[in-house]
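Structural overview for review
This is what each chain is made of:
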Amino acid sequence: MNRPGDLLLSPWALVSVAIILINDHALKGAFGNMVTGKLSDVAGVFLFPLLLLSVFEVLRRNLMGRAAIAWSIAVTGIGFAAVKVVPSIGDAYEWVIGFLRLTAGGFRGDLLPILVYRDPSDLWVLPILFASYLVITHNRTRAPEGAPEHELISPGPHPT
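Residues numbered from 1 in each chain as written. Predicted model: local features only at pLDDT ≥ 70, side-chain atom pairs only at ≥ 80, totals over all residues. Heavy atoms only, no water.

1. Describing the nonpolar core
Val-45, Leu-50, Leu-53, Ile-69 and Ile-136 are the most contacted members of the largest nonpolar core, which has 16 residues in total. Among the secondary structure elements, those contributing two or more residues to this core are helix H2 (34-60), helix H3 (66-85) and helix H5 (128-138). Sort the elements by how many residues they give to this core and H2 lands first, with 5 residues. The contact partners of Ile-136, leaving out residues within four places of it in the chain, are Leu-7, Pro-49, Leu-50, Leu-53, Ile-69 and Ser-72. (Core = buried A, V, L, I, M, F, W, Y, C linked by side-chain atoms within 4.5 Å. Buried < 20%, exposed > 50% of the residue type's maximum accessible area, 1.4 Å probe, protein only. Helix = DSSP H or I, 4+ residues; strand = E, 2+ residues; numbered from the N terminus. Contact = heavy atoms within 4.5 Å.)

2. Remarks on the UniProt feature "transmembrane region" (unreviewed entry) in the protein chain
When the UniProt feature table is mapped onto this chain, "transmembrane region" (unreviewed entry) is found at residues 42-59. Secondary structure over residues 42-59 splits into 100% helix and 0% strand, and the C-alpha atoms at its two ends are 27 Å apart. (UniProt positions renumbered as here; feature names shortened; annotations may be inferred.)

3. Notes on the packing of helix H1 (residues 11-30) against H2
Packed helices, taken two at a time, are described by the angle between their axes plus the distance between the axes. One way to put it is that H1 packs onto H2 with a least axis distance of 9 Å and a crossing angle of 150°. When the axes of H1 and H2 are compared, the crossing they make is left-handed. Between H1, through Trp-12, Ala-13, Ser-16, Val-17, Ile-19, Ile-20, Asn-23, Asp-24, Leu-27 and Lys-28, and H2, the contact on the second element is made entirely by Thr-36, Gly-37, Leu-39, Ser-40, Ala-43, Gly-44, Phe-46, Leu-47 and Leu-50. (Axes fitted to C-alpha atoms, helices over the stretch in contact; angles between N-to-C directions. Left-handed = near helix turned anticlockwise from the far one by under 90°.)

4. What to know about the side chain of Ser-40
For Ser-40, the location among the structural elements is in helix H2. Looking at Ser-40, the relative accessible area reads 10%, which means it is buried. If near-sequence neighbours (up to four positions away) are discounted, Ser-40 is found in contact with Asn-23, Asp-24 and Lys-28.

As structure tokens, then:
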């Protein structure tokens, strides 16, 4: 997977999207318990670094390097933690996502914030970011040694 945005086509990313859609549109309504809440957190925290990295790659029209991978994971972890434990950031996030939902719906309806349950125990999902890192680095086909893009996409030394 060597093209910008290809990360979102990995099986793990597609499974994460399916989990979020099924969980948020069916399971939460039917069961609405702690498991459904954590399931969305795990899938979302796993998927978001892949999404961030893919967006920047598509905008720049080339693959991003190790620093961008680390940045996308750090932004996801810090942002998720802030939304869950800092009230003013959580409030702002609810309104921003509510606005994005309104715009996606063609500005039909009222501007309403989404509801985020702020529970510091949700922070236990942050280790899933390691899985995001593994998917990002393992889904990159390494460029041949000496190619200009080798340093950009190679996650590290590899056996010959």
